[in-house]
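Take a look at the letters that make up each chain.
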Amino acid sequence: MAGLSMAESGGGRDLPAKLTWQVIICCIIAAFGGLMFGYDVGISGGVTSMDDFLEKFFPAVYHKKHEATEDNYCKFDNQFLQLFTSSLYLAAIVSSFIASFFCKKFGRKPTIQAASIFFLTGAVLNAVAVELGMLIAGRIFLGVGVGFGNQAVPLFISEIAPAKYRGGLNICFQLLITVGILIANLINYATSNVHPYGWRISLGCAAVPAIILAIGSLVIEETPTSLLERGKNEEALRVLRKIRGVDNVDKEYAEILNVIELAKQVKHPFRNLMSRSNRPQLICGTVFQFFQQFTGINVVMFYAPVLFQTMGYGSNGSLLSAVVTDSVNVVSTLVAVFVVDITGRRVLLIEACIQMLAAQSIMGTILAVHLKSANIMPKGSAKLVVILVCVFVSGFAWSWGPLGWLIPSEIFPLETRSAGFFFAVSMNMFCTFLVAQAFLTMLCRMRSGIFFFFAAWIVVMAIFAIFFLPETKGIPIDEMNERVWKKHWFWKRYYEDSDIKKRSQEIQDKSEGGSLE
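Notes on the structure follow. (Residues numbered from 1 in each chain as written. Predicted model: local features only at pLDDT ≥ 70, side-chain atom pairs only at ≥ 80, totals over all residues. Heavy atoms only, no water.)

1. A short note on the overall build of the chain
So the rule is basically this: The helix and strand labels rest on DSSP assignments: H or I over at least four residues marks a helix, E over at least two residues marks a strand, and numbering proceeds from the N terminus. Each residue's exposure class comes from its accessible area (1.4 Å probe, protein chains only) as a fraction of the maximum for that residue type: buried when under 20%, exposed when over 50%, partly exposed otherwise. Whether two residues are in contact is decided by their heavy atoms, any of which lying within 4.5 Å being enough. Residue burial considers only the protein chains on display, and all accessible areas are found by Shrake-Rupley using a 1.4 Å probe.
The helix and strand tally for the chain stands at 24 helices and two strands. Put simply, the chain has 517 residues, and 59% of those count as buried. A separation threshold of at least 6 residues defines the contact pool for the chain, and within that pool the share at least 24 residues apart is 79%. Accessible surface computed for the chain: about 19,600 Å², of which carbon and sulfur atoms make up 67%.

2. Things to note about helix 11 (residues 233-244)
This is how it is decided: One less than the number of residues in a helix, times 1.5 Å, gives the span that helix is expected to have. Each C-beta atom gives one direction from the helix axis, and the arc is the one those directions make.
Taking 1.5 Å per residue, twelve residues should reach 16 Å; helix 11 reaches 16 Å between its end C-alpha atoms and fits that length. Those residues of helix 11 not exposed but buried are Ala 236, Leu 237, Val 239, Leu 240, Ile 243 and Arg 244. Summarising the axial view, the buried residues of helix 11 lie within an arc of 165°, below the 170-degree limit, and thus occupy one face.

3. Observations regarding a nonpolar patch on the surface
Put simply, the rule is: Each patch groups residues whose relative accessible area exceeds 30% and which form no salt bridge, using 9 Å between like charges and 5 Å between nonpolar side chains of Val, Leu, Ile, Met, Phe, Trp and Tyr. Think of a salt bridge as a Lys or Arg side-chain nitrogen and an Asp or Glu carboxyl oxygen that are within 4 Å of each other.
A contiguous nonpolar surface patch, about 410 Å² in accessible area, is contributed by Leu 120, Val 124, Val 128, Ile 211 and Ile 215. Of all the elements in the fold, those that place two or more residues in the nonpolar patch are helix 5 (108-127) and helix 9 (207-216). When you line up the elements, Leu 120 lands in helix 5.

4. Observations concerning helix 7 (residues 166-191)
Rules: The term bend refers to the angle at a residue between two fitted axes, each drawn through seven residues, those ending there and those starting there.
Its 26 residues give helix 7 an end-to-end C-alpha distance of 38 Å, which sits within 8% of 38 Å, the value for a rise of 1.5 Å per residue. The sharpest bend along helix 7 measures roughly 30° and falls at Phe 173. For helix 7, a buried count of 21 out of 26 residues is recorded, marking the element as mostly surrounded by other parts of the structure.

5. Here we look at the side chain of Gln 293
Within the fold, Gln 293 resides in helix 14 (residues 279-293). A relative accessible area of 4% means that Gln 293 is categorised as buried. Among all residues touching Gln 293, those that are not within four sequence positions of it are Asn 298, Asn 428, Cys 431, Thr 432 and Val 435.

Dropping the structure here:
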């Protein structure tokens, strides 16, 4: 199949490959799992600002919202309203654990198909919900879909993509998350005046990307790595030739097969993941996910319409402002697609920290000065906050957003890849749940100080990216240990100690063998 000619050099070995249309199509279809995730992230904030929705399911919040004397920062402080958003992520934590085993035993492709079925079920339940329990049940099914999709899709793309283009292709997942958020807010804007069932249309439209993914997943290829893991060697060789666009794939095939044979010696990947030599990837993969959520991005993505209403925008104005920020999100993620394999990962992360820190600090200052408990924020200041939100979102969208899924998907060795990525996904979902469940209460208690809270975490993130995160650009995923971790100034000590212990054990075994003779 026609493609871009490319030769990867990895540890002295040339792995001929082309960027084929087959790879591009497979990655785009798989990335629709990100569109489903993004749609559900975006839809909840807009729906929870609709009066029809609040009056039916959260009447207490509806009445508080329309009380003229109600504190600006506390209008939406309701644990059940927050549970509507956060229950999805709590379900995703549990389901990603199940998905890690499902992914290894049955493959990446069936896991993606299962995600689409869970998403479709959740969308239908939400669209026809008549009481709060049914609404939460629908969100839980969506959460299971998120767990399965987020576990399988980044691994699928990392394993199927050539190393030279892995970064850009993997970011397609995050790109479609941002597209999903944008589409959700456009639909919310369109349905906000459809009374009294506009919210049902918004929630029910989540079925569309689920159906697209379900149909599209029928035509994608399983990854050669997953096929070899399950003993389907001939099919793996056929698929590898097809996705690489060349017949000479013997070296890459042998390399994957060798890695799999070593991985099979690990009987308990979760236990092995805790060993000293696997600790650098585990720490970086999970800490990265923690930092991604504590940038404060979900303050904007989940609750942008609520946040803008707090500043004095009307219902439609707040939704329109959210659409503007979401458009910036999509365009900025496109930037990451094209530059991540050129500049590398760390440059984008460090630059974004400076950008997000400035935006968060200025936003917090403006709100502290101009938004009090019962006033309407001056229009000029409110518009400036929207601009600063766009600056903040753009920094996140070309760095910590997409790289939060790319880096953990490429750093783990095969023997602990599914287990390691489970921990990364679970940390992401747990922190997302934590922020979603607590944000409206934090906004009520901390007021504008919430922006300084997240700004402090951005300083810590910058230190982490500068000193502890190695560069992984262009490195084949099965060569990360030798070419990245064992050469890093800090993490190499974990391997040196393990190598010394291993050599000592070998000498002891030989010594005992000689004494027995």
